[in-house]
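What follows is each chain in one-letter form.
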Amino acid sequence: MATLNDLPTPCLLIEQSRLEANIAAMQARADAQGVRLRPHIKTHKSTALARKQREAGAQGVTVATVGEAECFARAGFDDIRIAYPVIGGDRLARVANLSALARVSFCVDTMPGAQAAADFFAARGEAAEVLIEVDTGQHRCGVDPEDARAVALAQAVAESPGIRLVGILTHAGQVYKGPAKGVSKKEAIQAVSRRERDAMLRFAARLQEVGLAEPDSFEISIGSTPTMHAFENRREGGFRITEIRPGNYIFHDAMQASLGAVALKDCALTALTTVVSRHRTASGRERLFADAGSKAVASDQGALTDGYGQLLYDARRMEPLPHARIASLSEEHAWIDVPGGSTLETGDRIRFVPNHACACMHLHETAWIVDGEDVLEAVRINARAR
Ligand SMILES: Cc1ncc(COP(=O)(O)O)c(C=O)c1O
């Protein structure tokens, strides 16, 4: 059996026991709250890993791009939600072409976007399933559910022959900003999670008042990884949340750990890297350089992360290496400061938990499922760059 020493660095490792535990834990949470789990595959971009989520009970997948939808449909995933507005005739045509392979739905959040989709599908004599994207505090895409124009958009969608309103969808990404001053991390996540749920249930009730939503058939789709850790379903006016779409949970990362959503020991994805150089600066500071730069692990930073990932002792001891800090990344180098001096030498291999797992997977063609030092399986990241 191959071991970590046989792998070329930099590369991505997925610790099998943690992967399985993360998949099982989110599925158990969804089951306990009476919702379908439709994982967002933008995190792993791998049909092989999505199959593991499906085997554990996940129903359907969420994607961010039409290219991801195509990749997953061709691999046999027949229920795909594009959690993104589909704008432009070329993309609409690609979505329409998938209908022979999969049930595909997508988001609308503007009148012109909805109108263009309606015209496109009506001209083909078809009706595409759409969900209205709702802004529950992230202020990215989505309608303000308290604004009368949100109901007007829903009405326009319902009256358009080429599209069919099947539900509403939100992503409370503001949770990644971390807590306001004086608020604990746990309370901050709980507050965003409640707002995400309650704003959606209220909006559904408003749509019911004007005859646009019925409790048993209307999809109410929410989900980020941190808010799902705190999610508790409830009923309002007959409506309940029907589906959750976390993605990052399959791995977790240093960003999730810094937010207090999970512990570092829950993070399944690590980067394996080789120390390629070691120097003492004029000021006496010890600095190591390793071969995992921004092209291998991405330079994303979270609101509460320190540096560019969390260094671990070694392959077996998945614990933080005290004092060592990934101070900077250039394209092919990680700049690692070890204030007290380091026992590491050039050629040594180290592992670290990246800040943002989703951005890392996108940069590689393969990741390796491992059990400590044993390499068990190569995973193709076959929807990367789509
Ligand atoms: C629309 C949408 N849904 C779901 C998710 C999954 O959230 P997370 O990455 O926190 O798991 C994201 C993440 O960016 C998203 O943009």
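The shown structure was predicted, so the numbers you read here are calculated from the model rather than taken from an experiment. Per chain, residues are indexed from 1 in the order of the written sequence. Selection of residues for local features in this predicted model requires a pLDDT of at least 70, selection of side-chain atom pairs for listing and counting requires 80 or more, and totals for whole chains, interfaces and linings are taken over all residues. Think of the side-chain values as coming from all heavy atoms in the structure, minus any hydrogens and water.

What follows is about the nonpolar core. Taken as a class, soluble globular proteins show a tendency for nonpolar side chains to be buried jointly. Within the largest apolar cluster, 60 residues are counted, with the highest numbers of intra-cluster contacts made by Phe106 and Ile168. Note on definitions: a residue-residue contact is assigned when non-hydrogen atoms from the two residues lie within 4.5 Å. Once residues lying within four places of it in the same chain are set aside, the contact partners of Phe106 are Ile82, Tyr84, Val86, Leu92, Val95, Ala117, Phe121, Ala128, Glu129, Val130 and Leu131. With 35 residues, the next largest nonpolar core counts Ile14, Phe251, Leu311 and Met361 among its residues. What makes a nonpolar core is a set of buried Ala, Val, Leu, Ile, Met, Phe, Trp, Tyr and Cys residues whose side-chain atoms join them at distances within 4.5 Å. For every residue, the accessible area obtained with a 1.4 Å probe (protein chains only) is divided by the maximum for its type, and the residue is called buried under 20%, exposed over 50%, and partly exposed between those limits.

It is worth spelling out the layout of surface pockets at this point. For the largest pocket, the calculated volume is near 600 Å³. Residues are said to line a cavity or pocket when one of their atoms sits within 4 Å of a point; the points come from a 1 Å grid over protein atoms alone, cavities being sets where a 1.4 Å probe fits but cannot get out and pockets being open sets with protein on both sides within 12 Å along at least five of seven lines. Lining the largest pocket we find 31 residues, and of these His40, Lys42, Ala64, Arg140 and His171 sit closest to its centre. Per element, the largest residue contribution to the lining of the largest pocket is three residues, and it comes from strand β4 (residues 79-85). Classes in brief: Ala, Val, Leu, Ile, Met, Phe, Trp, Tyr, Cys and Pro nonpolar; Asp, Glu, Lys and Arg charged; the others, Gly included, polar. Here the lining of the largest pocket is built from residues that sort into eleven nonpolar, 13 polar and seven charged. Per-domain counts for the lining of the largest pocket show at least three residues from each of domain 1 (4-9 + 262-380) and domain 2 (34-252). Grid points are joined across faces, edges and corners, and a volume is the space filled by probe spheres set on the points. Starting at the N terminus, helices and strands are each numbered in turn, a helix being any DSSP run of H or I of at least four residues and a strand any DSSP run of E of at least two. How far each domain reaches was decided by an automatic or database domain assignment.

Moving on: the domain arrangement of the protein. Assigned domains within the protein: domain 1 (4-9 + 262-380) and domain 2 (34-252). Each partner contributes to the interface: domain 1 provides 16 residues, whereas domain 2 provides 18 residues. Together, the buried faces of domain 1 and domain 2 total about 1,200 Å²; carbon and sulfur atoms form 68% of this surface. A pairing counts as a salt bridge when a side-chain nitrogen of Lys or Arg comes within 4 Å of a carboxyl oxygen of Asp or Glu. Across the contact surface, domain 1 and domain 2 share one salt bridge. One salt bridge connects Glu377 with Lys52, and the closest N-O pair in it is separated by 3.9 Å. Polar contacts, as used here, are pairs of N or O atoms within 3.5 Å; protein pairs need one atom able to donate a hydrogen and one able to accept it. Residues neighboring in sequence count only if both atoms are side-chain atoms. For the pair domain 1 and domain 2, the number of links is two residue pairs in polar contact (both at pLDDT 80 or more). Secondary-structure elements contributing two or more residues to the side of domain 1 that touches domain 2 are α11 (357-361) and β17 (374-380). Here's the idea: put two parts together, see how much 1.4 Å probe accessible area each one loses, and the total over both is what we call buried area.

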